[in-house]
Amino acid sequence: MKIGRTKAVLAAMMGLTLSTFATQPASGSTVTDPITSDPVVTVGSDSDIGSLREEAAKIGILFGSGAIKASDSIDDGRPPNYLTDPDFARVLAEQFDSVHSENEMKYRFVEPQQGVFDFTGPDRLVKFAQEQGMQVKGHALITTCCDPQYLVDKVNDPAAFRALMTKHITTIMKRYKGKMDRWDVVVEPLSTMGGQGLQHTDFYNALGPGYIAEAFRIAHRADPTAKLYVNENLVESYPEKRKEFYDLVDGLVADEVPIDGVALQMHETLQGPPAGVIIEMADHFHAKGLAVSISELDVHTLDPVTQAQIYGDVVTEALNAGIRDISTWGFTDKHLYTWLPGAKPCLFDENYNPKPAYFAVRDALRAYGRKVQASP
């Protein structure tokens, strides 16, 4: 996810009439589980809604949340340190077993001045995760946003640009060796809608298309134990972009670049991906010996019933595709990020009450567990 990105998919939303969301129940009140119709107590008190973390553990997968901001800075236009909210911290620890940051590990936030690093937020997130027995993913080393001016100034000097990139990646990877087990090394290298190849980012302009392979090799040298991923969006929605992604990743594998997997963002807007496309992608990459994760799942609709259906369908197909690492992009609408006015894309509302989407995901995990138990 980029800061301030205008989604091209907004074109498909023109002319929509925005729905009004029903008022959510106050924390600690009783709501009805939309799947079983049983009354449940909301998260604000002792709850009996279950735990995604516990259900995921039963079937041997990670179920995490990204977009967890632990930095005190507000330079990204977002509120400071979400972990200071006791309810946020408690629900995060109860429901998820993996976390990754929002913006504070992107280039200009973690190294705002050349050679001067700000690790306050990432250190805090790692400490929280260690205390709660959670894993931490590094997000992200190279993105299409957030390059500091001192780096941009070296675009026409490839040697100087490469030296800055190498020091940046190496410093970060070495600091979190053994603390962050997997990394989004390059995020969104392809054009947003596909069909135009690689985006002409500062990294592309300085180093050419080989910058991706260079970044992976630098990261691997800095921490040979970490799993390294390329992270991309909208490949489930646009066949031409999906083909470009296949070609990009297949080329990295053929060139023996140390890539361990792909991260599919899965930001769904108004409708879910076509049935079967997650399995298609997983089959393609698994055949190359790569891991496949869903890294930033959220669902931007104006209808909580449709939203729940999409969440449940995506998780169900991902599990059936052999995906064992699923993360949402945030979990509470208190800190939502959306490009669809009126949408509330997360599993929990602003008061940490579970939404129909939560129950759909919980039950998808449970259903898969029953399926596994019933299989020979």
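The structure contained in this document is the topic of the report that follows. Predicted, not measured: the structure shown is a model, and the values here were computed from it.

## Examining the nonpolar core
Then comes step 1: Among the nonpolar cores identified, the biggest contains 101 residues, and Leu-92, Trp-183 and Phe-245 are the most heavily contacted of them.
Then comes step 2: Element by element, the count of residues in this core is highest for helix α8 (residues 211-222), at eight residues.
Then comes step 3: Phe-245 has contacts with Leu-190, Val-230, Glu-232, Val-235, Val-262, Leu-264 and Phe-285, leaving out every residue within four places of it along the chain.

## Some points on the state of the cysteines
Then comes step 1: In the structure shown here, the tally under the stated rule is one disulfide.
Then comes step 2: For Cys-145, the disulfide goes to Cys-146, at an S-S distance of 2.2 Å. Looking along the S-S bond of the Cys-145-Cys-146 disulfide, the torsion reads about -65°, which is the left-handed sense.

## Structural notes on empty space enclosed by the protein
Then comes step 1: On inspection of all chains with the given rule, the structure shows one cavity of 30 Å³ or more.
Then comes step 2: Along its surface, the largest cavity is lined by Ala-67, Arg-78, Glu-102, Trp-329, Gly-330, His-335, Leu-336, Tyr-337 and Cys-346.

## Details of the pairing of strand β4 (residues 98-101)
Then comes step 1: Neither face of β4 is left uncovered, since the one carrying Ser-98 and His-100 and the one carrying Val-99 and Ser-101 both have all their residues buried.
Then comes step 2: When strand β3 (residues 62-68) meets β4, the two strands line up parallel, connected through two bridges. The residue of β4 that forms the bridge with Ser-65 is Val-99.
Then comes step 3: Handedness of the β3-helix α2 (residues 86-95)-β4 crossover: right-handed.

## Some words on the packing of aromatic side chains
In this description, a pair of aromatic rings is defined by centroid distance and the angle of the planes.
Then comes step 1: Going through the model one piece at a time under the given rule, you end up with 17 aromatic pairs.
Then comes step 2: Centre to centre, the rings of Phe-88 and Tyr-352 are 6.5 Å apart; their planes meet at 80°, and the pair counts as edge-to-face. You can see Phe-88 sitting in helix α2 and its partner Tyr-352 sitting in the loop between β11 (325-329) and α12 (356-374), a full 264 residues away along the chain.
Then comes step 3: A residue is classified by how much of its surface remains accessible, and Phe-88, at 2% relative accessible area, is buried.
Then comes step 4: Owing to a relative accessible area of 4%, Tyr-352 belongs among the buried residues under this scheme.
Then comes step 5: Between Tyr-246 and Phe-285 the ring centres are 5.5 Å apart and the planes differ by 70°, which places this aromatic pair in the edge-to-face class. With Tyr-246 in helix α9 (residues 239-254) and Phe-285 in helix α10 (residues 277-287), this pair connects stretches of sequence that are 39 residues apart. For the pair shown, Tyr-246 and Phe-285 are each scored as buried.

## Here's the deal with the packing of α9 against α10
Then comes step 1: Viewed as axis vectors pointing N to C, α9 and α10 meet at an angle of 15°, and their least axial separation amounts to 11 Å. If you check the angle between α9 and α10, you find them roughly parallel. Of the two possible hands of crossing, α9 and α10 adopt the one that is right-handed. Facing Arg-242, Phe-245, Tyr-246, Val-249 and Asp-250 of α9, the residues of α10 in contact are Val-277, Glu-280, Met-281, His-284 and Phe-285.
Then comes step 2: Here the residues of the contact of α9 with α10 are counted per class, giving six nonpolar, one polar and three charged.

## So, the environment of Phe-63
Then comes step 1: Along the chain, Phe-63 turns up in strand β3.
Then comes step 2: In this structure Phe-63 comes out as buried when scored by relative accessible area, which is 0%.
Then comes step 3: Distance in space between the C-alpha atoms of Phe-63 and Ile-294 is 9.6 Å, their sequence separation being 231 residues.
Then comes step 4: Among all residues touching Phe-63, those that are not within four sequence positions of it are Leu-52, Ala-56, Gln-95, Phe-96, Asp-97, Ser-98, Val-315, Ile-326, Thr-328, Val-361 and Leu-365.

## So, the side chain of Thr-201
Then comes step 1: Along the chain, Thr-201 falls in the loop between β6 (182-187) and α7 (202-207).
Then comes step 2: Residue classification places Thr-201 among the buried positions, given a relative accessible area of 9%.
Then comes step 3: In this view, Thr-201 contacts Thr-144 and Tyr-211; residues no more than four positions away in its chain are not counted.

## Some remarks on unusual backbone geometry
Then comes step 1: At the junction of His-139 and Ala-140, the peptide bond is cis and its omega measures out at 0° in the coordinates.
Then comes step 2: Along the chain, the position of Ala-140 falls in strand β5 (residues 135-142).
Then comes step 3: For Met-266, which is not glycine, the phi torsion reads 65° and is therefore positive.
Then comes step 4: Even without being glycine, Tyr-352 reaches a positive phi, approximately 70°.

## A short note on the pairing of strand β7 (residues 227-232)
Then comes step 1: Of all the six residues making up β7, five are buried; the element is thus mostly covered by neighbouring parts of the structure.
Then comes step 2: Bridge count for β7 against strand β8 (residues 261-264) is four bridges, and the pairing is parallel. When the bridges of β8 are listed, Tyr-229 appears paired with Gly-261.
Then comes step 3: Crossover handedness for the path β7 to α9 to β8: right-handed.

About the criteria used
Residues numbered from 1 in each chain as written. Predicted model: local features only at pLDDT ≥ 70, side-chain atom pairs only at ≥ 80, totals over all residues. Heavy atoms only, no water. Core = buried A, V, L, I, M, F, W, Y, C linked by side-chain atoms within 4.5 Å. Buried < 20%, exposed > 50% of the residue type's maximum accessible area, 1.4 Å probe, protein only. Helix = DSSP H or I, 4+ residues; strand = E, 2+ residues; numbered from the N terminus. Contact = heavy atoms within 4.5 Å. Disulfide = S-S within 2.5 Å. 1 Å grid on protein atoms, 1.4 Å probe; cavity = no way out; pocket = protein on both sides within 12 Å on 5 of 7 lines; lining within 4 Å. Points joined across faces, edges and corners; volume = space filled by probe spheres on them. Pairing = 2+ DSSP bridges. Right-handed = clockwise from strand over helix to strand, strands pointing away. Phe/Tyr/Trp six-rings, centres within 6.5 Å; stacked < 30°, edge-to-face > 60°. Axes fitted to C-alpha atoms, helices over the stretch in contact; angles between N-to-C directions. Parallel < 35°, antiparallel > 145°, perpendicular 65-115°, else oblique. Left-handed = near helix turned anticlockwise from the far one by under 90°. Nonpolar A, V, L, I, M, F, W, Y, C, P; charged D, E, K, R; others polar.

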